[in-house]
Amino acid sequence: MDTGTAARLQKLFEGHRLTPTQRRIAHCMVRRAADAPFLSSVELAELAGVSQPSVTRFAVALGFDGYPALRRHLREVAPTDKPGDTGSYNEYQQAVQAEIDNLRHLAAALADPSPVIEAGRLFAASRPLPVLGLRAATAQAAGFSYFARKVHPDVRLLDEGGTMLTDRIDAAVRAGASALLCFALPRHPREVVDALEYARTAGLTVVTVADSAFAPVAHHTDLLLPAAVGTGLAFDTACAPMLLGRVLLEAMCDALPDAQARLEEFDARAAARGLFVE
């Protein structure tokens, strides 16, 4: 992803009331930011899985006369050379470079730390703290939960879907939960969207780490923190969402007055048990 183009796309789409189909197109363009200024309407429609007329209506919804006018605008503000040209890089190197770009974009977004700080406060105050992540996002949710349990008194990992998911959300609410953290990565399971809608109805404040501000979960989230995924390999890579999860852990530790004491207590117990090989 070209970080400059991605940022411009995000800014262009913000403030417009888009239909679900149009959000899907926007999401696709952000994920393919390097190529977006050079895609035909047919190519974009195929990538987004929508019809070509939907792409035209999308451009009109953004205030352009049609898709050609939108593409001209993107080319005018894009770098001189087509982004994504990586010379002699092979496909594996290109995937790594794409993730480096994703991390740069995340670093730029964190120039305003207030959303992350607010999320940390919400997590620290929620007892228990449910953490949701299904399918591709399971590893991100599990990693966050593993470390969060070292400093937070009650973290509940929600990594299985099905009819029990709403029951577990209900149990967390009854136990006093006030916030829920969700990791949502493509392809987005429908039950994650349903679970977030239910969680908000149940009174939880939902914070979501997603691959784009235009992901399907956006309208069911109180605080959305985007972190792009890499799409150059057969399976998406998620370095930026993982790192953002660690940043959120840091923010939560800052908001927990006894976090350092809990970490020291854990280290002492681990040493007494010989838990780790030195």
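Anything mentioned here points back to the structure above.
Residues numbered from 1 in each chain as written. Predicted model: local features only at pLDDT ≥ 70, side-chain atom pairs only at ≥ 80, totals over all residues. Heavy atoms only, no water.

**Q** Got a minute to help me understand helix H12 (residues 259-273) in this structure?
**A** Since the α-helix packs 3.6 residues into each turn, any two residues three or four apart lie on the same face. An ideal rise of 1.5 Å per residue puts 21 Å on 15 residues; H12 measures up with 21 Å between its terminal C-alpha atoms. When H12 is considered as a whole, its buried residues turn out to be Ala259, Phe266 and Ala270. Summarising the axial view, the buried residues of H12 lie within an arc of 35 degrees, below the 170-degree limit, and thus occupy one face. Away from its buried face, by an angle of more than 90 degrees, H12 presents the exposed residues Ala271 and Ala272. Buried positions along H12 lie against helix H11 (239-255). Phi turns positive one or two residues past the end of H12, at Gly274, with a value near 60 degrees. (Helix = DSSP H or I, 4+ residues; strand = E, 2+ residues; numbered from the N terminus. Expected span 1.5 Å × (residues − 1). Buried < 20%, exposed > 50% of the residue type's maximum accessible area, 1.4 Å probe, protein only. Arc of directions from axis to C-beta. Contact = heavy atoms within 4.5 Å.)

**Q** It is not clear to me how the sheet that holds strand S5 (residues 223-226) should be interpreted in this structure. Could you clarify?
**A** Strand pairing in a sheet is mediated by backbone hydrogen bonds. Such pairs are either parallel or antiparallel. If you trace the 5 strands from one edge of the open sheet to the other, you get S2-S1-S3-S4-S5, paired in parallel fashion. Because the sheet does not close on itself, it has two edges, and the strands there are strand S2 (155-158) and S5. Neighbour-to-neighbour, the strand axes of this sheet turn through a mean angle of 15 degrees, independent of strand direction. Each of strand S1 (129-132), strand S3 (179-184), strand S4 (205-210) and S5 is contacted by helix H7 (residues 114-125), which is oriented at about 125 degrees to S5, the strand it contacts most. (Pairing = 2+ DSSP bridges. Axes fitted to C-alpha atoms, helices over the stretch in contact; angles between N-to-C directions.)

**Q** Can you help me understand the nonpolar core in this one?
**A** Across soluble globular proteins, nonpolar side chains show a tendency to be buried alongside one another. Judged by nonpolar contacts, the single largest core of 33 residues is most densely connected at Phe123, Phe144, Leu181, Leu248 and Met252. Contributing elements (two or more residues each) for this core: H7, S1, helix H8 (138-148), S2, S3, S4, S5 and H11. Looking at this core element by element, the count peaks at 6 residues for H11. Setting aside residues no more than four positions away along its own chain, Leu248 makes contact with Val116, Ala119, Phe123, Phe144, Leu181, Val209 and Leu225. Counting 27 residues, the second largest nonpolar core, distinct from the first, contains Ile25, Ala26, Phe64 and Phe214. (Core = buried A, V, L, I, M, F, W, Y, C linked by side-chain atoms within 4.5 Å.)

**Q** Whenever I open this one, the layout of surface pockets confuses me. Can you help?
**A** One simple way to see leftover space: roll a probe sized like a water molecule over the atoms. The computed volume of the largest pocket comes to approximately 950 Å³. At 7 residues, helix H2 (residues 20-31) tops the list of elements feeding residues into the lining of the largest pocket. Each residue belonging to the lining of the largest pocket can be placed in one class, and the counts come to 13 nonpolar, 7 polar and 8 charged. (1 Å grid on protein atoms, 1.4 Å probe; cavity = no way out; pocket = protein on both sides within 12 Å on 5 of 7 lines; lining within 4 Å. Points joined across faces, edges and corners; volume = space filled by probe spheres on them. Nonpolar A, V, L, I, M, F, W, Y, C, P; charged D, E, K, R; others polar.)

**Q** Before we go on, may I ask you to explain the side chain of Ser145 in this structure?
**A** By the secondary structure assignment, Ser145 is in helix H8. In this view, Ser145 contacts Val131, Val155 and Leu157; residues no more than four positions away in its chain are not counted.

**Q** For this particular structure, what's the right way to read the packing of aromatic side chains?
**A** The geometry of two aromatic rings is summed up by the distance between their centres and the angle between their planes. Overall, the coordinates contain 6 aromatic pairs when judged by the stated rule. Ring geometry for Phe123 versus Phe144: centroids 6.0 Å apart, planes at 75 degrees, classification edge-to-face. Pair noted here: Phe123 is in helix H7 and Phe144 is in helix H8, with a separation of 21 residues, a long-range link. For Phe123, a relative accessible area of 0% translates into the label buried. Across from the ring centre of Phe266, 3.6 Å away, lies the NZ or CZ of Lys150, which sits over that ring. (Phe/Tyr/Trp six-rings, centres within 6.5 Å; stacked < 30°, edge-to-face > 60°. Lys NZ or Arg CZ within 6 Å of the ring centre and 35° of its normal.)

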